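# Remarks on the overall topology
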Amino acid sequence: MWVEFQGPGFTMEVPSEWRVMASPQFQAIFFSPLIGQDPRRANLTVALQDVPDDTTARALVDVLNRMQADSYPDFSVVCETADAAGEVSKIQRTLRWRNPSSGETVLQHQACHVRDGLACILTGSRPDGLPDDVATGVDGVFQRMLASFAFHATHVGL
């Protein structure tokens, strides 16, 4: 079952069985139930940030790529698609990198939206190397969450 989550300046669909939290760094963090017998959980973060009005999703992603390449061993962009719908500039991408602490490889699905000086970065993370059927299921959940994201009609700077 899916429910609509209303955050500060946005809405999106989330699975009803996922837990939600917030932190100073993220406006929302969604945690999946256990992934089969695996003790790790998938998660999706939502980060909002004021940016200059002329910032595009491409400029934002270029900065993120540099930061992530510096921070994460074996960082790579697996695929990337760009889209512009009305006033919203959007790039969706899949990333892979190695956690420097655990050595575990992480797969991420990320969508970067920019509109009128507000950037939203949604990042779904899961362990790489899950069984194919489990990975396909988690990735499908991420894709639906990312596709359902929408800015509210207006927003106030953060």
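Our structure is the block above this text.
Here is a short report on the structure shown in this document. (Residues numbered from 1 in each chain as written. Predicted model: local features only at pLDDT ≥ 70, side-chain atom pairs only at ≥ 80, totals over all residues. Heavy atoms only, no water.)

## With respect to the sheet that holds strand S2 (residues 10–15)
Strand pairs in the sheet, formed through backbone hydrogen bonds, run parallel or antiparallel to each other. Defined as follows: Pairs of strands are assigned from DSSP output, requiring at least two bridges between the strands. Starting at the N terminus, helices and strands are each numbered in turn, a helix being any DSSP run of H or I of at least four residues and a strand any DSSP run of E of at least two. Should any heavy atoms of two residues lie within 4.5 Å, those residues are considered in contact. With axes taken as lines fitted to C-alpha atoms, and helix axes fitted only over the stretch in contact, angles between N-to-C directions fall between 0 and 180 degrees.
The three strands lie next to each other as S1-S2-S10, forming an open sheet whose pairing is antiparallel. Across the chains shown, the open sheet's two edge strands, defined by having one partner strand only, are strand S1 (2–7) and strand S10 (150–151). Here S2 runs beside S10; their pairing, made up of two bridges, is antiparallel. What sits directly across from Thr11, in S10, is Ala150. Contacts from helix H2 (residues 132–148) reach S1, S2 and S10 within the one sheet, and its direction differs from that of S2 by about 160 degrees.

## Let's talk about the layout of surface pockets
The test is simple: The definitions used throughout rest on a 1 Å grid laid over the protein atoms alone, on which a cavity is an enclosed set of points accommodating a 1.4 Å probe that cannot get out and a pocket is an open set flanked by protein within 12 Å on both sides along at least five of seven lines; lining residues are those having an atom within 4 Å of a point. Grid points are joined across faces, edges and corners, and a volume is the space filled by probe spheres set on the points. Classification used: nonpolar for Ala, Val, Leu, Ile, Met, Phe, Trp, Tyr, Cys and Pro, charged for Asp, Glu, Lys and Arg, polar for all others including Gly.
Within this model, the largest pocket holds a volume of roughly 760 Å³. Forming the boundary of the largest pocket are 29 residues, of which Phe26, Thr45, Tyr72, Gln108 and Thr123 lie nearest the centre. Going through the elements one at a time, strand S5 (43–50), helix H1 (57–71), strand S8 (105–115) and strand S9 (118–127) are the ones with two or more residues in the lining of the largest pocket. Residue contributions to the lining of the largest pocket peak at seven residues, all from S9. Considered class by class, the residues forming the lining of the largest pocket number 13 nonpolar, twelve polar and four charged.

## Here's the deal with the pattern of salt bridges
Definition in use: Take a side-chain nitrogen of Lys or Arg and a carboxyl oxygen of Asp or Glu: if they are within 4 Å of each other, that pair is a salt bridge. Whether a residue is buried, partly exposed or exposed follows from its accessible area with a 1.4 Å probe, protein chains only, as a fraction of its type maximum: under 20%, in between, or over 50%, in that order.
On inspection of all chains with the given rule, the structure shows eight salt bridges. Residue Asp128 is joined to Arg96 by a salt bridge in which the shortest nitrogen-to-oxygen separation is 2.7 Å. Of the two residues, Asp128 sits in the loop between S9 and H2 while Arg96 sits in strand S7 (residues 88–98), which places them 32 residues apart along the sequence. Looking at Asp128, the relative accessible area reads 26%, which means it is partly exposed.

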